Amino acid sequence: MAQISLRNVSKFYKGDVRAVDNVNLGIENKEFLVLVGPSGCGKSTTLRMIAGLEEVSEGEIRIGDSMVNDVPAKDRNLAMVFQNYALYPHMTVFENMAFGLKLRKYPASEIQRRVGEAAEILGIKKLLERKPGQLSGGERQRVALGRAIVRKPVAFLFDEPLSNLDAKMRVQMRTEIHKLRMRLQTTFIYVTHDQTEAMTLGDRIAVMKDGKIQQCADPISVYDKPANKFVASFIGLPPMNFMNGKIIKKERKYYFDEGKFQVKIVEDMYNTLVPYEGKEITFGIRAEDIYDKLFVAVAPLENTIQATCEVVEPMGSEVFLYLNSGKNQFIARVGAHNRPEVNRDMDLVFDMSKVHFFDKETESTIL
């Protein structure tokens, strides 16, 4: 177990391609950190540099007090779990899990003990004599985890380990990884493009785009206080709704003017937004902060707008409403009982205490 730190780490490829650009990141001992972002954002490259599978172009990677830039992957005492499981098809489950220990010339009794312990933790003792071709996807992933566990590394590195599983199995395996983390009490670094995995697994999540970390914080902070428009759009399902408009002042009150409607800004936000009076700005509101007026006990007129409901999408415990204000399209997430008529106008209430504002040019958050 150890701290891992990245100091001004970059990765260049031919043609001046910056896969990772000046990343600074500290992972604490026993922390579960998730690197999340779209394909090509540099998250897997960052993980592979930590593992020693990619060379660092600039900067330092440290494990504990030691810089490991020039330390081979096999000597870093890190265990990596890959997306494609990377199991040997001709070996049994036991042999796959024991293979790394045999290469390091551990005694047979120690190998037997470690494989047995890992198999017990993962619930795969009955599978030890089978070969990978006889296993389901979830069982193969458990074997890949077991192969990592037996090494007793200082940290576990996961590169999109659940992306090959179906939706139900992904949920189950997320639970298993949670349990594993609590039992092993060691450092986890986990790469995914799935924001649900990031939000549910990580102590902190680092959101990446174009090789740079856009924000690194605990999941709730990233969700409630995104650093910029990209983070706000990437974290959350459905994504945050965005509308361009202006900040205007009427009778000592400030409003966001979308063009087709105006909503009153809460007074706590006035001081921050005063410099933007009369300027174009981006307004953001999450789907769950838009309500059908019929189901709101007190609906302030200044926070109420009218829009056309174009699609009603039942999701079981909730319903997504796809709406059109005449200028912008946006989504509301409402209760399962709420089924308005399609292609009819409806009154909607915005929770203005939970809205976000972004600078139109820099896309940084204003509040």
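Quick look at the structure, then.

Parameters at a glance
- Numbering of residues starts from 1 in each chain and follows the order in which that chain's sequence is written.
- Reporting of local features is limited, given that this is a predicted model, to residues whose pLDDT is at least 70; pairs of side-chain atoms are given and counted only at 80 or more, and all residues count toward the totals for whole chains, interfaces and linings.
- Values shown for side chains rest on all heavy atoms present in the structure; no hydrogens or waters enter the calculation.
- Here, the term nonpolar core denotes a set of buried Ala, Val, Leu, Ile, Met, Phe, Trp, Tyr and Cys residues that are joined through side-chain atoms within 4.5 Å.
- A simple rule labels every residue: compare its accessible area, found with a 1.4 Å probe on the protein chains alone, to the largest value its type can have, and call it buried under 20%, exposed over 50%, or partly exposed in between.
- It only takes one pair of heavy atoms within 4.5 Å for two residues to be counted as in contact.
- Strands are runs of DSSP state E lasting at least 2 residues, helices are runs of H or I lasting at least 4, and numbering of each runs from the N terminus.
- A strand pair is defined by DSSP finding two or more bridges across the two strands.
- Fitting a line to C-alpha atoms yields each axis, with helices limited to the stretch in contact; the angle taken between N-to-C directions then spans 0 to 180 degrees.
- What makes a salt bridge here is a side-chain nitrogen of Lys or Arg within 4 Å of a carboxyl oxygen of Asp or Glu, nothing more.

## Focus: the nonpolar core
Moving on, step 1. With 48 residues, the main nonpolar core has Val34, Val93, Met97, Val115, Ile124, Tyr190 and Ile235 as its most contacted residues.
Moving on, step 2. Not counting chain neighbours up to four residues away, the residues in contact with methionine 97 comprise Val115, Ala118, Ala119, Ile124, Leu128, Val143, Gly146, Arg147 and Val150.
Moving on, step 3. Residues Val263, Met269, Tyr276 and Ile285 belong to the second largest nonpolar core, which totals 31 residues.

## Some points on the environment of leucine 273
Moving on, step 1. Relative to the helices and strands, leucine 273 is located in helix H9 (residues 270–273).
Moving on, step 2. C-alpha of leucine 273 to C-alpha of alanine 297: the two residues are 24 residues apart in sequence and 29 Å apart in space.
Moving on, step 3. Look past the residues within four positions of leucine 273 in its chain and what remains in contact with it is Ile247, Ile265, Ile281, Phe357, Ile366 and Leu367.

## Some remarks on the sheet that holds strand S15 (residues 290–292)
Moving on, step 1. Strand order in the open sheet formed by five strands is S15-S19-S16-S17-S18, with antiparallel pairing between adjacent strands. Strands at the two margins of the open sheet, each flanked by one partner only, are S15 and strand S18 (329–335). Sheet twist, expressed as the average angle between the axes of neighbouring strands with direction ignored, equals 50°.
Moving on, step 2. Where strand S16 (residues 304–314) lies against strand S19 (residues 344–350), six bridges are found, and the strand directions are antiparallel. By the bridge assignment for S19, threonine 304 is matched with valine 349.

## Comments concerning the pattern of salt bridges
Moving on, step 1. In total, this model carries 19 salt bridges according to the counting rule given.
Moving on, step 2. The closest approach of N and O atoms between arginine 114 and glutamate 110, which form a salt bridge, is 2.8 Å. With arginine 114 and glutamate 110 both in helix H3 (residues 108–122) and four residues apart, the pair spans about one turn of that helix.
Moving on, step 3. Take arginine 114: its relative accessible area is 11%, and that puts it in the buried class.
Moving on, step 4. A salt bridge links arginine 333 to glutamate 318; the shortest N-O distance between them is 3.6 Å. Taken as a pair, arginine 333 in strand S18 and glutamate 318 in strand S17 (residues 318–324) lie far apart in primary sequence, 15 residues in all.
Moving on, step 5. Each of Glu110, Arg113, Arg114 and Glu117 takes part in salt bridges that share partners, so that together they form one network.

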